[in-house]
Amino acid sequence: MTLAPFGARLRHALDTRGQLCVGIDPHASLLAAWGLGDDIAGLEKFSRTVVEALAEQVAVLKPQAAFFERFGSRGIAVLERTVAEAREAGALVLMDAKRGDIGSTMAAYAETFLSPASPLFSDAVTVSPYLGFGSLQPAIDLARANGAGVFVLALTSNPEGHEVQRAVAANGESVAQNVLYRLAAENAGAEPMGSFGAVVGATLAEAGVDLAINGPLLAPGVGAQGATAADLPRVFGSAVRDVVPNVSRDVLKHGPSVAALREASARFVEEISAALEK
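In this text the structure is predicted, and so the values were computed from the model without any measurement. (Residues numbered from 1 in each chain as written. Predicted model: local features only at pLDDT ≥ 70, side-chain atom pairs only at ≥ 80, totals over all residues. Heavy atoms only, no water.)

Student: Pulling in residues and values, what's your account of the packing of aromatic side chains?
Tutor: The full count for this structure, using the stated rule, is 2 aromatic pairs. Their ring planes at 85° and their centres at 6.0 Å tell us that Phe6 and Phe151 sit as a pair that is edge-to-face. Pair noted here: Phe6 is in helix α1 (residues 6-17) and Phe151 is in strand β5 (residues 149-155), with a separation of 145 residues, a long-range link. A relative accessible area of 2% means that Phe151 is categorised as buried. (Phe/Tyr/Trp six-rings, centres within 6.5 Å; stacked < 30°, edge-to-face > 60°. Helix = DSSP H or I, 4+ residues; strand = E, 2+ residues; numbered from the N terminus. Buried < 20%, exposed > 50% of the residue type's maximum accessible area, 1.4 Å probe, protein only.)

Student: Quick one: what's the story with the pairing of strand β1 (residues 21-24), residue by residue and with numbers?
Tutor: Residues in a regular strand project their side chains so that they alternate between the two faces of the sheet. Alternating positions in β1 separate into two faces, Cys21 and Gly23 on one and Val22 and Ile24 on the other, with burial throughout. Bridging between β1 and strand β8 (residues 243-247) involves 2 bridges; their strand directions are parallel. What sits directly across from Val22, in β8, is Val247. (Pairing = 2+ DSSP bridges.)

Student: Mind laying out the sheet that holds β1, listing which residues take part and the relevant values?
Tutor: Spatially, the 8 strands close up into a barrel ordered β1-β2-β3-β4-β5-β6-β7-β8, and their pairing is parallel. Averaged over all pairs of adjacent strands, the angle between strand axes in this sheet comes to 30°, irrespective of strand direction. Relative to the sheet, helix α6 (residues 103-114) contacts β3 (92-99), β4 (124-127) and β5, its axis offset from that of β3 by approximately 160°. (Axes fitted to C-alpha atoms, helices over the stretch in contact; angles between N-to-C directions. Contact = heavy atoms within 4.5 Å.)

Student: Describe the pairing of β3, and please don't skip the residues or the numbers.
Tutor: For β3, the tally of buried residues reaches 7 of 8 residues, placing the bulk of the element in the interior. Sheet topology places strand β2 (residues 60-63) next to β3; 2 bridges connect them, and they run parallel. Following the sheet pairing, Leu61 is matched in β3 by Val93. Bridge count for β3 against β4 is 3 bridges, and the pairing is parallel. Pairing of Leu94 across the sheet is with Ala124, part of β4.

Student: Mind laying out the pattern of salt bridges, listing which residues take part and the relevant values?
Tutor: Considering all chains together, one arrives at 15 salt bridges under this definition. We note a salt bridge from Arg11 to Asp242, for which the minimum N-O separation is 2.9 Å. Taken together, the positions of Arg11 in helix α1 and Asp242 in the loop between α10 (232-236) and β8 put the pair 231 residues apart, joining distant regions of the chain. Assigned by exposure class, Arg11 and Asp242 land together as buried. It is possible to trace a salt-bridge network through shared partners that takes in Arg11, Asp15, Arg241 and Asp242. (Salt bridge = Lys/Arg side-chain N within 4 Å of Asp/Glu carboxyl O.)

Printed below as a string of structure tokens:
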């Protein structure tokens, strides 16, 4: 079955389920807080509980690949099941892998997450452009061919990122702005929006760049990192309708109760909706 473009599928999900992405981040402290062991059994219980609670409710679920990869092949097997079950239940899956390389290696990363033949096939994946935006072409091409999406790091929520992302390139624009220009070109003419998004932190005092890329803007930092729903219009301005706010710990801390996880995510959807309607 050929998928519709990711941008169209994401727009529908955001409009019907609300503008929220919830991370699946089974790090050791959260496993312990849930009363689970820092082992494969704990990893599987955690992941399946999040999927059971949220995959039929939220627009996007975002597994952080590193928290599964640390357990080796058994952790990857859990990640495969997590992706498949979340997608079967109706959520879009954004794999947070932040891959970035060149040539055949980048193509192999793309095949891992963006090829329907892969057991890790996801609706979208995060990638890093800091070997040059052109190095991402294998991922962009494969995503476009398979109805998937790519989110490129632009202005991230960690303060260390600014030394690279705010640096000025040869054309006088910041590195981040040049990444955004390239994404806008990839999304040109797409309706209702393009499939190639940027990662822009909700914790920024101000974006200071042109965010009109005709594509989604993944916004980490809402909740535990200090940003609130009320910050979104200020940071994202006229592009706020295309924002996909990401909340992880402030939802996940309510587990292992399925009902509490659902209530927490629904509360964030309501807060975001209210903030964006003002």
